[in-house]
Amino acid sequence: MKEFKNFINGQFVTSSSGKTFTNRCPVDNSVIGTVHEAGQQEVDMAVRAAKAAMKGPWGKMTQAQRTALLNNVADRINERFDEFLEAECLDTGKPQKIAAHIDIPRGAANFKAFSETVANHPTEAFHMDTPDGLGALNYGQRTPKGVIAVISPWNLPLLLMTWKVGPALACGNTVVVKPSEETPATATLLGEVMNECGVPEGVYNVVHGFGPDSAGAFLTEHKDVDAITFTGETRTGEIIMRAASVGLRNISMECGGKNPGIVFADCDLDKAVEGTLRSAFVNCGQVCLGTERVYVERPLFDEFVQRLKDGVEQLKMGRPEDPSVDFGPLVSQEHKDKVLSYYKLAVEEGATVITGGGVPEMGDALNAGAWVEPTIWTDLPDDARLIKEEVFGPCCHIRPFDSEDEVVHLANDTNYGLSAAVWTENSAKASRIAEQLEVGLVWINSWFLRDLRTAFGGAKESGIGREGGVHGLEFYTETKNICIKF
Ligand SMILES: O=C(O)C(=O)/C=C/C=C/O
């Protein structure tokens, strides 16, 4: 039986309240262990430790020293790769094949990418002419913002947590992380790595718990938190924004999506099918960037539907450690219930179920897991709730279209604006379409191909701000302009 403690000021601590909650594996609903729920007192300890660390050795470190430390953290994650892999797959149920190629490598890479960016990105400087002819010099100075609250999600727990902790620490801040209650393991394990690598105490802290009336709320409402970064549902983002408004704390948010995949008749069909199979079903559809709405140019529609159906029906479900498995369960029973309610709603709204739509017979212990069938629908009306609301499960709806104007309108007809995928071999058309889409990220003939130097974030209700590359610097630092008169 595992135990997941809070990590505060370099120490693993339980909770003064003695409150704990159970952590379960979604593969078979078995108990993984007990999690110590941080109360107001533990959150306050963590924030005070993070604030104090800014004045300690960490705050006095040079950029080069911080960069070296963070590169060591990345290397140590890779040295302890199997432990992180097992922990992540136990918490999420995702196939080890997936986590070994995405979650853990990126969990480490995020540290290296941002320490390099921050070390090499210049601040600005301007020489200014003045009436007395002597001139003046203006130059920019970036300083750490301070204590950053990191509220990270359960779908890519390590990756999405270090996507924020990496730049935050590279910029000289300290962090208090509140991982999802569904996935406490890798954030806790990273505490061990921070100690092993000599990251000063108080720089990285972890408090476990829930949102309202729990660690999440205590953290975002804490007056000594200087900024809040969050990945998760849009409605939760609104709650966090309200908390951040007290004391004018800055926020950076990546929220929900109802992302379109646009398939033209002149696409490379094999690529489009393979890419849509991944974008709609990888990670059991639990990726904010995933495709839940597919639009196919009419001449290709029937063939595309058949090819995607064939691909879905070849997905292999099973335990994470089975190397032949490429499809896992949803993250929890609660999320399974939510996704199944949408499966039911789809039929009520008039969908044709091309494949899936229910719960698979897994046999043996796995039947107790959070398994659902990967599902494809057609024939829903454009105003159906299934077309408007994010399911965040292994499902997509496919609709034919007849013109570029029509498909751009359909793709943009949503409150979200996170990502899109466009499949065509005509590069001029691909760019023409991409430039009309009201989203933060467009992939052309690809999906989830990630260059960490690029701007990353969503438009409309999919988020606020851009992280990635130098774009996060505006959030993770304060920029000061200094003017020297000669
Ligand atoms: O790839 C990334 O850096 C990233 O943030 C992925 C987000 C996925 C959300 O579900």
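Counting restarts for each chain: residues are numbered from 1 in the order of the written sequence. With pLDDT at 70 or above as the cut-off, local features in this predicted model cover only qualifying residues; side-chain atom pairs require 80 or more to be listed or tallied, and sums for whole chains, interfaces and linings still use all residues. Side-chain metrics rest on all non-hydrogen atoms present in the structure, leaving aside hydrogens and water.

Before going further, it helps to spend a moment on the pattern of salt bridges. Basic side-chain nitrogens of Lys or Arg form a salt bridge, by our definition, when they fall within 4 Å of a carboxyl oxygen of Asp or Glu. Applying the stated criterion to the full structure yields 33 salt bridges. For Lys 178, the salt bridge is made with Glu 181, and the minimal N-O distance between the two is 3.6 Å. Bridged by salt links that share partners, the residues Arg 76, Glu 79, Arg 80, Glu 83, Glu 192 and Glu 196 form one connected network.

Once the domains are mapped, the protein shows domain 1 (2–255 + 462–485) and domain 2 (259–451). Note: domain ranges come from an automatic or database domain assignment. Here the C-alpha centre of domain 2 lies 31 Å away from the C-alpha centre of domain 1. Any two residues having at least one pair of non-hydrogen atoms within 4.5 Å are treated as being in contact. The interface of domain 1 with domain 2 comprises 27 residues on the first partner and 35 residues on the second. Here the quantity called buried area is the accessible surface, traced with a 1.4 Å probe, that two parts lose on coming together, added over both. In this assembly, domain 1 packs against domain 2 so that about 2,400 Å² is buried in total across both faces, 58% of it on carbon and sulfur atoms. When the buried surface of domain 1 facing domain 2 is broken down by residue, Val 27, Trp 154 and Ser 462 rank first, second and third, together holding 23% of it. Counting every contact that joins domain 1 to domain 2 gives one salt bridge. Asp 28 is the salt-bridge partner of Arg 319, the closest N and O atoms lying 3.4 Å from each other. As used in this structure description, the phrase polar contact means that two N or O atoms lie within 3.5 Å; if the pair is within protein, one of them must be able to donate a hydrogen and the other to accept it, and residues adjacent in sequence are counted only when both atoms belong to side chains. Applying the counting criterion to the domain 1 and domain 2 interface returns ten residue pairs in polar contact (both at pLDDT 80 or more). When contributions to the side of domain 1 that touches domain 2 are tallied by element, the ones reaching two or more residues are helix H4 (81–92) and helix H5 (96–101). Split by residue class, the side of domain 1 that touches domain 2 holds ten nonpolar, eight polar and nine charged. Helix and strand definitions here come from DSSP, where helices need a minimum of 4 consecutive H or I residues and strands a minimum of 2 consecutive E residues; each element is numbered from the N-terminal end. Classes in brief: Ala, Val, Leu, Ile, Met, Phe, Trp, Tyr, Cys and Pro nonpolar; Asp, Glu, Lys and Arg charged; the others, Gly included, polar.

Our focus in this paragraph is the site of the ligand. Here a residue counts as near a molecule or strand whenever at least one of its heavy atoms sits within 4 Å of it. Arg 106, Asn 155, Leu 160, Cys 288 and Arg 450 are the nearest of the 13 residues found near the ligand. Arg 106 places a polar side-chain atom, nitrogen or oxygen, 2.6 Å from an oxygen atom of the ligand. Using a 1.4 Å probe, the Shrake-Rupley method yields the accessible areas, and only the shown protein chains count as cover for residues. When the free accessible area of the ligand is taken as 310 Å², the share hidden by the protein chains comes to 100%. With three residues, the top contributor of residues to the shell around the ligand is helix H7 (residues 157–170).

On to the UniProt feature "active site" (unreviewed entry) in the protein, then. Here, UniProt's "active site" (unreviewed entry) annotation points to Glu 254. Considering the arrangement of structural elements, one finds Glu 254 in strand E12 (residues 250–254). We call a residue buried when its accessible area falls under 20% of the maximum for its residue type, exposed when it is over 50%, and partly exposed in between, using a 1.4 Å probe and counting protein chains only. For Glu 254, a relative accessible area of 5% gives the class buried. In this structure, Glu 254 is in contact with Leu 160, Phe 230, Thr 231, Gly 232, Cys 288, Leu 418, Phe 456, Ser 462 and Gly 463, ignoring residues within four places of it in sequence. UniProt positions are given in the numbering used here, feature names are shortened, and annotations may be inferred rather than shown by experiment.

Each α-helix turn comprises 3.6 residues. Residues three or four places apart therefore point the same way. Under the 1.5 Å per step criterion, the end-to-end length of helix H1 (residues 40–54) is 22 Å for 15 residues, consistent within 8% with the ideal 21 Å. Buried residues of H1: Glu 42, Val 43, Ala 46, Val 47, Ala 49, Ala 50, Ala 53 and Met 54, and no others. Down the axis, H1 shows its buried residues gathered within 155° of arc, on one side only. Helix span is expected to be 1.5 Å times the residue number reduced by one. What the arc describes is the spread of directions from the helix axis to the C-beta atoms.

The buried fraction of strand E17 (residues 395–401) is high, at seven of seven residues. By the alternation rule, side chains of E17 split into Cys 395, His 397, Arg 399 and Phe 401 and Cys 396, Ile 398 and Pro 400, which are all buried. Here strand E14 (residues 291–297) runs beside E17; their pairing, made up of five bridges, is parallel. Following the sheet pairing, Val 296 is matched in E17 by Pro 400. At least two DSSP bridges between two strands are required for those strands to pair. Direction of pairing for strand E16 (residues 375–378) relative to E17: parallel, over a ladder of four bridges.

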